[in-house]
Each structure stands twice: as C-alpha cells, then as structure tokens.
Amino acid sequence: AAIDGKIYIIGGYISGVGPVDTVYEYDPSADRWSTKQNMPTARGALALGIIDGKIYAVGGVGANGKNTNANEGYDPAQDRWRKHAPMSTPRDHHAIGVVVGISKLYAIAGRINGNHDRSIGDNEEYDPASERWRARAPIPTVRSGIAAATLGGKVFVFGGEYGRRTHNNVESYDPEKNQWQRWSPMPTARHGLGAAVIGNSIYVISGGPQPGATFSSVNEMFSP
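Remember, predicted model here, so these are calculated numbers, not experimental data.

> An account of the sheet that holds strand 22 (residues 179–183) is needed here, citing residue identities and associated values.
Judged by pairing direction, the sheet is antiparallel, and its four strands sit side by side in the order 17-18-21-22 without closing on themselves. On the outer flanks of this sheet lie strand 17 (147–151) and strand 22, each paired with one strand and no other. The sheet shows a mean angle of 25 degrees between the axes of neighbouring strands, direction not considered. Relative to strand 18 (residues 154–158), strand 17 runs antiparallel, the two being bridged by five bridges. By the bridge assignment for strand 18, A147 is matched with F158.

> How would you sum up the sheet that holds strand 6 (residues 32–35)? Please name residues and give values.
Taken in spatial order, the four strands of this open sheet run 1-2-5-6, and their pairing is antiparallel. Bordering the open sheet on either side are strand 1 (2–3) and strand 6, each of which pairs with just one other strand. As paired strands, strand 2 (residues 6–10) and strand 5 (residues 23–27) are joined by four bridges and run antiparallel to one another. When the bridges of strand 5 are listed, I10 appears paired with V23.

> Describe the pattern of salt bridges, and please don't skip the residues or the numbers.
Counting across every chain of the model gives eleven salt bridges. The salt bridge partner of E25 is K6, with a shortest N-O separation of 4.0 Å. Of this pair, E25 sits in strand 5 while K6 sits in strand 2; the two residues are 19 residues apart in sequence, bridging distant segments of the chain. Close ionic contact of R143 with E171 constitutes a salt bridge, the shortest N to O distance being 2.7 Å. Placement of the pair is R143 in the loop between strand 16 (132–135) and strand 17 and E171 in strand 21 (residues 170–174), with a sequence separation of 28 residues.

Conventions used here
Residues numbered from 1 in each chain as written. Predicted model: local features only at pLDDT ≥ 70, side-chain atom pairs only at ≥ 80, totals over all residues. Heavy atoms only, no water. Pairing = 2+ DSSP bridges. Helix = DSSP H or I, 4+ residues; strand = E, 2+ residues; numbered from the N terminus. Axes fitted to C-alpha atoms, helices over the stretch in contact; angles between N-to-C directions. Salt bridge = Lys/Arg side-chain N within 4 Å of Asp/Glu carboxyl O.

See the structure below:
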C-alpha cells in the first residue's frame, strides 16, 4: 500500500514460516526501510485498502491454515493498529477497491482456505463510519488471485484463477449503481497479478499464465 509518499508491505507468507504479521515502511526519498508495529493478526493472501489516511488489512489465511475475517486498520502517522468490524465472508486471494470520494471499501471475490477450486464471487461493502458490512452485487465471473484498481469511479477487476484455468476477464463495479460491466479481455490470461493506475490507464503486471505456481513478466495496459 502507498500513502503519503511511502510504501507499506504488510503481512504475507514467508517460506518455511507461513503467514506473518510484519509491517515494513519504505521511504523512497531517503531510500530507507524501517520496521513498524506488527499487525495484530498474522496472515497471508490478505488485501489492503486505504480510506482517510488509514490502511485497512482485510481477510487472508491465518496461522492455522484457515481463513480469518480480520479487518484491522493501521494509522501510519501514529504507527498504531486498531481492530474493526470483521468481514462477513472470510476469504483469501480477494481484492479490495476504494473509489475516490466514497469512503467505503469493497472486498471482491476470493477463495476459501487457499483452495482456488473454492473461489467465490462475493462483493461486500465496508463502511468505517458505521462499522458495518453489507452484501452488494456479486462479481459476474467467479475467480480468485485477482487484481483490482480504481479509475473513473469504478473498481476494475483483472484476471484470476478458477476451474483449473486462468482467466483474462476484465469487469468493473460501479458502487453508485451497484452494477457490474464487462470489458474487452486481457491479451494474456493470468492470476496472482498486480494492477496500478497511471493517468487514465491501468497497467496490469506479471502473474501466472497457468494455474498454480507459475510466473511471467507480462505488462499490459488497459484504457477504459
């Protein structure tokens, strides 16, 4: 997650260790890493979203190998964590979208207990002001290991994995209308990819072209 000119690496997996609770901050201006307060719940395959200067860490796989519904907020200015209302549907390998001007978080799709054969299409909205979750329109194409980016008031979801294959689907969610829209597919189907917005385009980077632990250096640009 990037906020106030700094980058935060939160949780994840370490080979031979499993899910971790570590938090690291990178300051590009000083080219320096620093260790921050640990996340309350160790987990991998979680998703992050930023609302009003705070980073929300949602879901993932806990130390017991099962999903956690943890929703924990980190305040970089105070280097402090706080527990929030847990996610309604525990899952991992999901994506988070936060649309500019809407102080709510959307947890989209994902899988149960790390099993991509148990991917789900749930889309749930979290409102920090009321500390409540509610179900919204599910994603049309069920998948996990997806990437998401927000542009033009919509949350765009790319790729993923389900049904023993990778997907090239591109779908966007409009929170104001509670509706999904399909777009032209990615040239390269893949899962475990990343997405970043620059200007009016979204760059969709890397990811596995085959199910399981595969990798690529693909970088494709999408312009709505």
